[in-house]
Amino acid sequence: QQQTGAIPQNPKLQAALAYLNRGDSIIAVGPDKRPLLDTWRQYQTHQPTTAEATSWWTRWPQANIALICGFNGLAVLDLDVKHNPDIKPLVDQIAQAMKGYAPVVRTPSGGVHIHLRETDAHSRTVRIKNLGDFQAAGTYVLAPPSDDYHYEN
């Protein structure tokens, strides 16, 4: 797919384009997890073009990649240990159990994102007491190879 001179060899750009190719909607975000685009919400209903994504990572080569939840059925179980380290063994057990069933992403804080696909339902984002969040329509999550995010499977 590499075209001579058309797409720079930027691993984050290459990953962003791969997410687009698999049907996800993406945006570029800064190190503070905030969108680098004022108009990011438009990508809740349609994907950016390859040209748009290429321009973002050309302008901001170190930008992180955010997946738009709700688009194409993406929902993410976001298990966060940052504010409750006592749940880390439970989070690790859930992550291990989900490998092979869903993509499991380890976050910089030691938490986990489990990527799920809804088929018929359209969930809302909800807080799961003492465990994290179920991220759905109207939100986004960082994805590998964003800074210190990596797939476990």
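Everything that follows concerns the structure shown earlier in this document.
Analysis parameters
Residues numbered from 1 in each chain as written. Predicted model: local features only at pLDDT ≥ 70, side-chain atom pairs only at ≥ 80, totals over all residues. Heavy atoms only, no water. Core = buried A, V, L, I, M, F, W, Y, C linked by side-chain atoms within 4.5 Å. Buried < 20%, exposed > 50% of the residue type's maximum accessible area, 1.4 Å probe, protein only. Helix = DSSP H or I, 4+ residues; strand = E, 2+ residues; numbered from the N terminus. Contact = heavy atoms within 4.5 Å. Polar contact = N/O pair within 3.5 Å; in protein donor to acceptor, adjacent residues only side chain to side chain.

With respect to the nonpolar core
Move 1: Among the nonpolar cores identified, the biggest contains 30 residues, and Tyr19, Ile26, Ile27, Trp57, Ile65 and Leu67 are the most heavily contacted of them.
Move 2: At the level of secondary structure, the elements contributing two or more residues to this core comprise α1 (11-21), β1 (26-29), α2 (50-59), β2 (64-68), β3 (74-79) and β8 (140-143).
Move 3: At 6 residues, α1 tops the list of elements feeding residues into this core.
Move 4: Aside from chain neighbours lying at most four places away, what touches Ile27 is Pro35, Leu37, Trp40, Tyr43, Trp56, Trp57, Asn64, Ile65, Ala66, Ile68 and Tyr140.
Move 5: In this structure, Ile87, Val91, Ala95 and Leu131 belong to the second largest nonpolar core, which totals 11 residues.

Focus: α1
Move 1: Among the residues making up α1, those that are buried are Lys12, Leu13, Ala15, Ala16, Leu17, Tyr19 and Leu20.
Move 2: At its buried positions, α1 is contacted by β1, α2, β2, β8 and β9 (150-151).
Move 3: For α1, the capping residue at the N-terminal end is Asn10, with a side-chain oxygen 2.8 Å from the backbone nitrogen of Lys12.
Move 4: A positive backbone phi angle near 105 degrees is found at Gly23, which sits one or two residues after α1.

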